[in-house]
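These are the residues of each chain, in order.
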Amino acid sequence: MAFQLLVQGMFDARCLATTHREFDGIVMTADDMRWFWAQYVRGPADADHPHVAPLRASDLKGLAPALVVTGECDLLRDEGEDYGKRLIDAGVDATIRRYDAMPHGFLSMPTLETSKRAMAEIAMTLRQRFGVDRR
């Protein structure tokens, strides 16, 4: 069984979402994101390919079920949630889970209670999706 676990992902290098401006500089900047994207792709032509930038895909039907995790104060929040909404609109079994007051990278901050809760919820989702018994 296939499953998409998408945690604070970047889905389009254009950085057009409102949150790119609203939360620019909180942990990361839009310029940082563009730099990371440039390391991810072989060249500018790849940046438009829907396998790399799924928000540019014309059709998302038939993709694997997904859990899209976002942080409220993350500059990538709108991108992730837009992708999740497009999955749902395409009939994909997708859940969008926003964690209030969390910045980009909050899952790597294990002392935060919200991070602990998010990791537990992600683990529970994966166990359920893949039929793993906790015994």
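In this report, we go over the structure that sits alongside the text. (Residues numbered from 1 in each chain as written. Predicted model: local features only at pLDDT ≥ 70, side-chain atom pairs only at ≥ 80, totals over all residues. Heavy atoms only, no water.)

Describing the sheet that holds strand β2 (residues 66-71)
An order of β1-β2-β3 is seen for the three strands of this open sheet, with the pairing classed as parallel. Whereas interior strands pair on both sides, the edge strands pair on one side only; in this sheet they are β1 (4-7) and β3 (94-99). When strand polarity is set aside, the average angle formed by the axes of neighbouring strands in this sheet is 10°. Sheet topology places β2 next to β3; six bridges connect them, and they run parallel. Within β3, the residue paired with glycine 71 across the bridge is tyrosine 99. Its contacts with the sheet put helix α3 (residues 77-89) on β1, β2 and β3, and the angle it makes with β3 is roughly 155°. Against the sheet, helix α4 (residues 113-130) makes contact with β1, β2 and β3, and its axis sits at roughly 170° relative to β3, the strand it touches most. (Pairing = 2+ DSSP bridges. Helix = DSSP H or I, 4+ residues; strand = E, 2+ residues; numbered from the N terminus. Axes fitted to C-alpha atoms, helices over the stretch in contact; angles between N-to-C directions. Contact = heavy atoms within 4.5 Å.)

Let's talk about the layout of surface pockets
Put simply, the largest pocket is a space of about 340 Å³. Residue lining of the largest pocket: 19 residues in total, with Met10, Phe11, Tyr40, Val52 and Pro54 positioned closest to the centre. At four residues, helix α2 (residues 30-40) tops the list of elements feeding residues into the lining of the largest pocket. Counted by class, the lining of the largest pocket contains 14 nonpolar, four polar and one charged residues. (1 Å grid on protein atoms, 1.4 Å probe; cavity = no way out; pocket = protein on both sides within 12 Å on 5 of 7 lines; lining within 4 Å. Points joined across faces, edges and corners; volume = space filled by probe spheres on them. Nonpolar A, V, L, I, M, F, W, Y, C, P; charged D, E, K, R; others polar.)

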